[in-house]
Amino acid sequence: MRILVTGGSGYLGTHVRRFFNAEDLSRRTHLDILSPLDAARVGAYDVVIHLAAHLSKNPGETEAIFRTNVEGTVNLLREMSPNSIFIFASTKDVYGAHADNFTEVPETCSTDYASHGALEWSKLIAEKYVQYYAAERNFRSCIFRLSTVYARPSEGNQNGFVTHYVESVKRGWPIHLPLEGKPVRDLLHVDDFSRACRSFIDSSVAQGFYNLGGGPANAVSLRDIIDKVAGMIQCTPVIDESAELPVPVPLNYISDLAHIQHELNWAPTVGIDEGLKSLV
């Protein structure tokens with residue numbers, strides 16, 4: 001089975017590509033999903049795991065966000081072969097503030113406009129294209145609305161916030177926390193994300209659609225992440241109490257995993273303590 005990871009040299013993609021011994025389509029391999037010629041390469045693969053994206057929330061980058069996340073995705077979808085598999089990494093952020101209405105957020109949570117930015121809107125639009133082209137071109141598709149996926153640092157990549165916190169504790173860098181670190185996120189180790197991809201590949205589901213995170217067993221406040229890491233390496237973290245950061249939206253987020261557990265028989269296997277130790 002030939003597997004391609006777009007963005008396979010990125011923060012998460014590096015690890016997903018190694019997990020599957022997959023090939024990479026990214027700018028570091030001198031390939032670009034915005035090039036129809038480069039995108040045409042996906043037709044030769046059995047599975048495409050689409051991680052490449054423009055993840056900025058800067059309003060000044062709106063055009064680049066929509067081009068990469070929508071146009072780039074469509075370029076790939078148009079080239080998928082019948083009976084192949086396309087796995088799309090979307091985001092929990094498509095729910096926006098609506099997610100705060102749930103203790104555990106289900107796939108039925110509203111995505112109606114609630115001050116969404118270009119990133120959230122581009123991912124939501126791309127999801128619709130995934131569903132359309134999968135039906136039109138007769139390939140299997142899977143959409144994962146990802147919560148907080150974390151991984152070890154990789155060369156040349158900007159870390160996610162969990163990895164950034166771990167590195168900051170280790171190196172004594174000042175850490176800026178919104179709302180004194182009270183917001184909660186459910187953490188998912190990148191290997192568990194890869195296993196979720198594998199579970200879909202091995203299933204008979206034609207069009208999958210799942211919230212994907214660590215779930216309630218792996219939900220933790222931002223401050224608790226820092227305290228856990230500090231306890232592991234026996235040091236005192238440097239917290240910048242004066243930093244004023246915007247309140248995250250949603251305030252708290254925990255994925256409801258009932259649907260993916262029922263349909264794919266998948267559940268996280270890497271707990272918070274084990275996962276954080278792998279970063280230390």
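Residues numbered from 1 in each chain as written. Predicted model: local features only at pLDDT ≥ 70, side-chain atom pairs only at ≥ 80, totals over all residues. Heavy atoms only, no water.

**Q** Can you help me understand the pairing of strand S4 (residues 85-91) in this one?
**A** Successive side chains on a regular strand alternate, one facing one side of the sheet and the next facing the other. For S4, the tally of buried residues reaches 7 of 7 residues, placing the bulk of the element in the interior. Side chains Ile85, Ile87, Ala89 and Thr91 project from S4 onto one buried face, and the interleaved Phe86, Phe88 and Ser90 project onto a second face that is buried too. Of the pairings in the sheet, the one linking strand S3 (residues 47-50) to S4 comprises 4 bridges and is parallel in character. Following the sheet pairing, isoleucine 49 is matched in S4 by isoleucine 87. The parallel pair S3 and S4 is bridged by helix H3 (residues 62-77), and the resulting crossover is right-handed. Each parallel crossover has a hand, and for S4 linked through helix H4 (residues 118-137) to strand S5 (residues 140-146) it is right-handed. (Buried < 20%, exposed > 50% of the residue type's maximum accessible area, 1.4 Å probe, protein only. Helix = DSSP H or I, 4+ residues; strand = E, 2+ residues; numbered from the N terminus. Pairing = 2+ DSSP bridges. Right-handed = clockwise from strand over helix to strand, strands pointing away.)

**Q** For this particular structure, what's the right way to read the sheet that holds strand S7 (residues 184-189)?
**A** Strand pairing in a sheet takes place through backbone hydrogen bonds and is either antiparallel or parallel in direction. Spatially, the 3 strands line up as an open sheet ordered S6-S7-S9, and their pairing is mixed. Across the chains shown, the open sheet's two edge strands, defined by having one partner strand only, are strand S6 (148-150) and strand S9 (219-221). Across the sheet, the axes of successive neighbouring strands diverge by a mean angle of 45°, strand direction being ignored. Judged from the 3 bridges that link them, S7 and S9 form a sheet pairing that is antiparallel. (Axes fitted to C-alpha atoms, helices over the stretch in contact; angles between N-to-C directions.)

**Q** What am I meant to see in the nonpolar core here?
**A** Most often, soluble globular proteins keep nonpolar side chains buried together rather than apart. Among the nonpolar cores identified, the biggest contains 51 residues, and Ile49, Ile87, Phe144, Phe193, Leu212 and Ile260 are the most heavily contacted of them. Counting residues per element, this core draws most heavily on helix H6 (residues 190-202), which supplies 6 residues. Residues contacting leucine 212, with those up to four places away along its chain left out, are Phe144, Arg145, Leu146, Ser147, Leu188, Phe193, Ala196, Ser255, Leu257, Ile260 and Trp266. (Core = buried A, V, L, I, M, F, W, Y, C linked by side-chain atoms within 4.5 Å. Contact = heavy atoms within 4.5 Å.)

**Q** What is the right way to read the environment of phenylalanine 200 from this model?
**A** Residue position: phenylalanine 200 is located in helix H6. Among all residues touching phenylalanine 200, those that are not within four sequence positions of it are Ile85, Ile87, Arg140, Ser141, Cys142, Val205, Ala206, Gly208, Tyr210 and Leu264.

**Q** Even after reading the chapter, I still don't get the packing of aromatic side chains, so can you show me in this structure?
**A** How two aromatic rings sit relative to each other is set out by the distance from centre to centre and by the angle between their planes. The final tally for this structure, using the stated rule, is 8 aromatic pairs. Both rings, one in tyrosine 132 and one in tyrosine 133, keep their centres 5.1 Å apart while their planes meet at 85°; by these two values the pair is edge-to-face. Seen from their ring centres, phenylalanine 144 and phenylalanine 193 are 6.0 Å apart, and the 75° between their planes marks the pair as edge-to-face. With phenylalanine 144 in strand S5 and phenylalanine 193 in helix H6, this residue pair connects regions lying 49 residues apart in the sequence. Judged by relative accessible area, which is 0%, phenylalanine 144 ranks as buried. Taking NZ or CZ as reference, arginine 2 lies 4.3 Å from the ring centre of tyrosine 45, over its face. Seen from the ring of phenylalanine 200, arginine 140 lies directly overhead, with NZ or CZ sitting 4.6 Å from the centre. (Phe/Tyr/Trp six-rings, centres within 6.5 Å; stacked < 30°, edge-to-face > 60°. Lys NZ or Arg CZ within 6 Å of the ring centre and 35° of its normal.)

**Q** Mind showing me how you'd approach the packing of helix H5 (residues 161-171) against helix H7 (residues 222-233) here?
**A** For any two helices packed against each other, the geometry is given by the interaxial angle and the distance between the axes. One way to put it is that H5 packs onto H7 with a least axis distance of 10 Å and a crossing angle of 40°. Between H5 and H7, the crossing angle belongs to the class labelled oblique. Two packed elements cross with a definite hand, and for H5 against H7 that hand is right-handed. Each of Phe161, Val162, Tyr165, Val166, Val169 and Lys170 in H5 lies in contact with H7, whose residues at this interface are Leu222, Ile225, Ile226, Val229, Ala230 and Ile233. For the contact of H5 with H7, the per-class residue count stands at 11 nonpolar, no polar and 1 charged. (Parallel < 35°, antiparallel > 145°, perpendicular 65-115°, else oblique. Left-handed = near helix turned anticlockwise from the far one by under 90°. Nonpolar A, V, L, I, M, F, W, Y, C, P; charged D, E, K, R; others polar.)

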